[in-house]
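If you want the building blocks of each chain, they are given just below.
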Amino acid sequence: MKLLTSEWRKLWLSPSFLGLAAALLFLNVILLCTRGTDGDVSPEIWREVWQKLSSFPEEERAQRVQKQYEKMKELSFTADEYERVQALRKLNRQVTVLQSYEGWLEEIKERSKRQEKISIFQREDPFSDRNARKTAEDFADLKGVSPVLINSRGFLAGISFAGTDGMVLGLLFYMAFFWFYREKEQGLTALLLPQARGRTPLAAARLLALFLGSICVNLSFWGENLLLSCLQYGAPVWRSPIQSVEGYENCVLQVTVGEYLMVFLACKILISFLIAQIFVFFCLRFRRSALIFLAAGLLMALPLALCQSGDGRFVFQYINLIPLLQVNPVFQTYFNLNLFSWPVNRIPLSLGAVAVLTVLFLAADLYGFGCQKPSSVNSKRKRREKTL
């Protein structure tokens, strides 16, 4: 515990870290406040529309949206009314999806039965039959779920800003660089390694501090996002099913909006920590800082290129770091991968990949830090001082 508090205090007393964290938090606020509106509907108009809807009982809001939309779309409205019509159009589309939700679940069940009849005569590819059966079984658990019309615009805006991921990873990269490379270059690691607790215990304390850093950074940035977005567009009803949120009709999680937020934050923390462990691996493996920065850049660029490849048959397209870090694509849509003609859902496959990689890089980082030789660390510093 003393090692952990010492390393934690060392980071938070660093003026450069505090300055970088404050600058990124401020930049995040600026980008959130200046980003374009979604679908030509400003936050002010969206709040105004929902304030009027909130005056009606929950069971009457869907009908009120449909009547108001039918009334306004036939009128020759002015430019001032354009945004209100756009807001009502979005709400009407959401109402249509929610009203057909039960029928859509029945359609999935019927489709599975038809697929079983067809498969009797077509035995070449069993995946289609198995996939249809698994899909029907997974969605059968949602039979009792009743999604309702809620104001989900602020919630979606708060959990889907991609720029925040970059800022979070930037701070975690700084932490990894601070603890596992900068002190080595300054010669401090050579003094710590010969100590009784200077190898594995010290590495474990720093990795634990890095995990705590992932918790603090993610909660700070995503909490800031949700606070600002809900102030702009309004907060959702947190006890509503996640299927009530626009775009999450295909989600198979039986959770509320508030519970999904907890799942979202937990996944962000774990996946960010995994990427931070890879940063640590680079800091321990490479001697030059330029190679560390290059490797970190490739770590982000290559999975992004793989994600954009569009080849759905390539399983690693669905378990690479970019969609995993975004979290929402993993849970938002239902998808089964074809693994040797057996359907495997994307959610357990993705989370399993994160768990395995976390354990592997945790072991690699502990081993790599403990295997460093004080003499080699000192020789690097002497060579650098000699060149200067």
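Numbering of residues starts from 1 in every chain and runs along the sequence as written. Given that this is a predicted model, residues contribute local features only at a pLDDT of at least 70 and side-chain atom pairs are listed and counted only at 80 or more, while totals for whole chains, interfaces and linings are drawn from all residues. Just so you know, side-chain values use all the structure's heavy atoms and leave hydrogens and water out.

Peer 1: Help me understand the overall build of the protein in this model?
Peer 2: Under the scheme used here, helices are H or I runs from DSSP no shorter than 4 residues and strands are E runs no shorter than 2 residues, and both carry numbers assigned from the N terminus. Across its full length, the protein holds 17 helices and two strands. Here's how the labels work: a residue is buried when its accessible area is under 20% of the maximum for its type, exposed when over 50%, partly exposed in between, all with a 1.4 Å probe on protein chains only. In the protein, buried positions account for 44% of the 388 residues. Across the protein, every contact between residues at least 6 apart in sequence was considered, and the portion connecting residues at least 24 apart equals 77%. Note on areas: Shrake-Rupley, 1.4 Å probe, and residue coverage restricted to the protein chains presented here. Accessible surface computed for the protein: about 20,100 Å², of which carbon and sulfur atoms make up 62%. Residue contacts are counted whenever heavy atoms from the two residues lie within 4.5 Å of one another.

Peer 1: Can you help me understand the side chain of asparagine 336 in this one?
Peer 2: Its place among the elements puts asparagine 336 in strand 1 (residues 336–339). Residue classification places asparagine 336 among the buried residues on the basis of a relative accessible area of 8%. Here a polar contact is taken to be a pair of N or O atoms separated by no more than 3.5 Å, where protein atoms must pair a possible hydrogen donor with a possible acceptor and residues adjacent in sequence count only if both atoms sit in side chains. Side chain to side chain, asparagine 336 and tyrosine 334 meet in a polar contact 2.9 Å long. Reaching out from asparagine 336, the side chain makes a polar contact with the side chain of asparagine 345 at a distance of 3.2 Å. Beyond its immediate sequence surroundings of up to four residues, asparagine 336 is in contact with Phe127, Asn131, Lys134, Thr135, Pro343, Val344 and Asn345.

Peer 1: Honestly, the nonpolar core in this entry has me stumped. Any pointers?
Peer 2: What tends to happen in soluble globular proteins is that the nonpolar side chains get buried as a cluster. Ranked by size, the top nonpolar core spans 70 residues in total, and within it Phe155 and Tyr260 carry the most contacts. Looking at this core element by element, the count peaks at 17 residues for helix 12 (residues 257–285). Residues belong to a common nonpolar core when they are buried Ala, Val, Leu, Ile, Met, Phe, Trp, Tyr or Cys residues joined through side-chain atoms within 4.5 Å. In this structure, Val41, Val85, Leu91 and Leu149 belong to the second largest nonpolar core, which totals 18 residues.

Peer 1: When you look at the packing of helix 3 (residues 43–54) against helix 11 (residues 200–233) in this model, what are you seeing that I'm missing?
Peer 2: Between two packed helices, what matters for the description is the angle formed by their axes and the separation of those axes. Lines are fitted to the C-alpha atoms to define the axes, a helix being fitted only along its stretch in contact, and any angle between axes, read from their N-to-C directions, falls within 0 to 180 degrees. Orientation of helix 3 relative to helix 11, taken along the N-to-C sense of each, is 65°, at an axis distance of 7 Å. For the pair helix 3 and helix 11, contact is made by Pro43, Trp46 and Arg47 and by Leu231, Gln232 and Tyr233, respectively. Residues are grouped as follows: Ala, Val, Leu, Ile, Met, Phe, Trp, Tyr, Cys and Pro are nonpolar; Asp, Glu, Lys and Arg are charged; every other residue, Gly included, is polar. Residues of the contact of helix 3 with helix 11, tallied by class, amount to four nonpolar, one polar and one charged.

Peer 1: Help me understand unusual backbone geometry, please; the structure alone is not making it clear to me.
Peer 2: For valine 327, which is not a glycine, the phi torsion comes out positive at approximately 65°. Mapped onto the fold, valine 327 is located in the loop between helix 14 (321–326) and helix 15 (328–332). Here valine 327 falls in the buried class, since its relative accessible area comes to 1%.

Peer 1: Can you walk me through the packing of aromatic side chains in this structure?
Peer 2: How two aromatic rings sit relative to each other is set out by the distance from centre to centre and by the angle between their planes. Pairs were defined over the aromatic rings of Phe, Tyr and Trp, the Trp ring being its six-membered one, requiring ring centres within 6.5 Å. Orientation was assigned from the angle between planes: stacked under 30 degrees, edge-to-face over 60, tilted for the rest. Within the structure shown, the criterion is met by 20 aromatic pairs. When the centroid spacing of 5.3 Å and the interplanar angle of 85° are considered together, the rings of tryptophan 222 and phenylalanine 264 count as edge-to-face. Here the residue tryptophan 222 occupies a position in helix 11, and phenylalanine 264 occupies one in helix 12, the gap between them amounting to 42 residues. Of the two residues, tryptophan 222 and phenylalanine 264, neither departs from the other in class, the shared state being buried.

Peer 1: Would you mind going over the pairing of strand 1 with me for this structure?
Peer 2: Taken residue by residue, a regular strand's side chains alternate between the two faces of the sheet. Two strands qualify as a pair provided DSSP detects at least 2 bridges between them. Alignment of strand 1 against strand 2 (residues 342–345), held across four bridges, turns out to be antiparallel. Bridge pairing in strand 2 links leucine 339 to tryptophan 342. Hairpin remark: strand 1 followed by strand 2, antiparallel, with two residues in the connecting loop; positive phi at phenylalanine 340, about 55°.

Peer 1: Would you take a moment to explain the confidence of the model for the protein for this structure?
Peer 2: Detailed reading of predicted coordinates is not advised where the pLDDT is low. One number per residue, pLDDT, summarises how confident the predictor is, and it ranges from 0 to 100. Confidence in the prediction for the protein averages 79 pLDDT; 80% of positions are at 70 or higher. At the low end of the mean pLDDT range in the protein sits helix 17 (residues 374–387), at 50; at the high end sits helix 12, at 92. For the stretch residues 382–388, pLDDT sits under 50, and the model shows three contacts to residues farther than four places along the chain or on other chains.

Peer 1: What is the right way to read the pattern of salt bridges from this model?
Peer 2: Side chains that carry opposite charge are capable of pairing whenever their charged atoms lie near each other. We count a salt bridge whenever a side-chain nitrogen from Lys or Arg sits within 4 Å of a carboxyl oxygen from Asp or Glu. According to the stated counting rule, one finds five salt bridges in the structure shown. The residue lysine 52 makes a salt bridge to glutamate 48 at a minimum N-O spacing of 3.8 Å. In this pair, lysine 52 and glutamate 48 are both assigned in helix 3, four residues apart and thus about one turn of the helix distant. Classification of glutamate 48 by relative accessible area gives partly exposed; the value is 25%.

Peer 1: What is the right way to look at helix 1 (residues 2–12) in this model?
Peer 2: Residues spaced three or four apart along an α-helix face the same direction, because each turn holds 3.6 residues. Within helix 1, the full set of buried residues consists of Leu3, Leu4, Glu7 and Leu11. In a view along the axis of helix 1, the buried residues occupy a sector of 100°, so they form one face of it. In this description, one arc is meant: the one made by directions from the helix axis to the C-beta atoms.

Peer 1: Sorry, what's going on with the environment of leucine 302 here?
Peer 2: Tracing the chain through its elements places leucine 302 in helix 13 (residues 289–307). Relative accessible area serves as the criterion here: at 56%, leucine 302 is assigned to the exposed category. With 19 residues separating them in the primary sequence, leucine 302 and leucine 321 have C-alpha atoms 9.5 Å apart.

Peer 1: Got a minute to help me understand the packing of helix 3 against helix 5 (residues 82–99) in this structure?
Peer 2: The contact between helix 3 and helix 5 brings their axes to 9 Å, and the two run at 60°. With respect to helix 5, the axis of helix 3 lies oblique. In this structure, helix 3 meets helix 5 at a crossing whose hand is right-handed. Judged by residue contacts, Ile45, Trp46, Glu48, Val49, Trp50 and Leu53 of helix 3 engage Glu83, Arg84, Ala87, Leu88, Lys90 and Leu91 from helix 5. Counted by class, the contact of helix 3 with helix 5 contains eight nonpolar, no polar and four charged residues. Oblique is the label for any angle not covered by the other classes, which are roughly parallel (under 35 degrees), roughly antiparallel (over 145) and roughly perpendicular (65 to 115). Definitions for this section: a left-handed crossing has its near helix turned counterclockwise from the far helix by less than a right angle. A right-handed crossing has that turn clockwise.

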